[in-house]
Amino acid sequence: MRVLPHDERLMRQALREAELAFAQGEIPIGAVVAHNSTGQIIGRGHNQTEQLRDVTAHAEMLALTAAANHLGNKYLHDCTLYVTVEPCVMCAGATAWAQVPRVVYGTPEPKVGYSRHGQLLHPRCQVLTGVLATECAALMQRFFADKRK
């Protein structure tokens, strides 16, 4: 899949969300949902599992919910999910149920990323990886290095 002109700009917005998570002591993953027709961000989220004491409060889940509320529809047919790190199985499943046609993520997650488990996204979903991968990976590495100190 090809990189679109606005992919990097929107991934930078997801990175801003990840920085918010980092500042709150959460695993620094951020996500935004953009409407494909307008390029407008209609949902944002960053990990809040510790703050909300909710294992489902992942960046993607919060961004998908915000986008669905914005549109007044559970299906996000004309949207792209931008997320700094490869979605987990739960988030990939929610993305599939929302019928998101395009997912863009920065860096892979070899331990818990969805791709280790086969096709979990909608069969027609296009996936683009590696957008701002260095920046996305560096934030995760910085977070876990700080935890080990």
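Residues numbered from 1 in each chain as written. Predicted model: local features only at pLDDT ≥ 70, side-chain atom pairs only at ≥ 80, totals over all residues. Heavy atoms only, no water.

Identification of the chain as tRNA-specific adenosine deaminase from Hymenobacter oligotrophus is taken from an unreviewed UniProt entry. Its UniProt record gives the chain a comment under Subunit (unreviewed entry), which states: "Homodimer." (UniProt positions renumbered as here; feature names shortened; annotations may be inferred.)

Novice: Lay out the UniProt feature "active site" (unreviewed entry) in the chain with the relevant residues and their values.
Specialist: According to UniProt, the feature "active site" (unreviewed entry) maps to E60 in the numbering used here. Looking at the secondary structure, you find E60 in helix 3 (residues 59-71). The contacts of E60, once residues within four sequence positions are left out, are I29, A31, L81, V83, V85, P87, C88 and C91. (Helix = DSSP H or I, 4+ residues; strand = E, 2+ residues; numbered from the N terminus. Contact = heavy atoms within 4.5 Å.)

Novice: With reference to specific residues and values, describe the side chain of Q13.
Specialist: When you line up the elements, Q13 lands in helix 1 (residues 7-23). Judged by its relative accessible area of 17%, Q13 is buried. Those residues in contact with Q13, other than ones at most four positions away along the chain, are V32, I41 and R44. (Buried < 20%, exposed > 50% of the residue type's maximum accessible area, 1.4 Å probe, protein only.)

Novice: So, the sheet that holds strand 1 (residues 30-35): which residues are in play, and what are the values?
Specialist: Spatial ordering of the open sheet is given by 2-1-3-4-5, a layout of five strands whose pairing is mixed. What marks the edges here is a single partner per strand, and that holds for strand 2 (41-46) and strand 5 (126-129). The sheet shows a mean angle of 15° between the axes of neighbouring strands, direction not considered. In this structure, strand 4 (residues 102-107) lies alongside strand 5, joined through four bridges in parallel fashion. Among the inter-strand pairings, V104 is bridged to a residue of strand 5, identified as L128. Across the sheet, helix 3 is in contact with strand 1, strand 2 and strand 3 (79-85); its angle to strand 2 comes to roughly 155°. (Pairing = 2+ DSSP bridges. Axes fitted to C-alpha atoms, helices over the stretch in contact; angles between N-to-C directions.)

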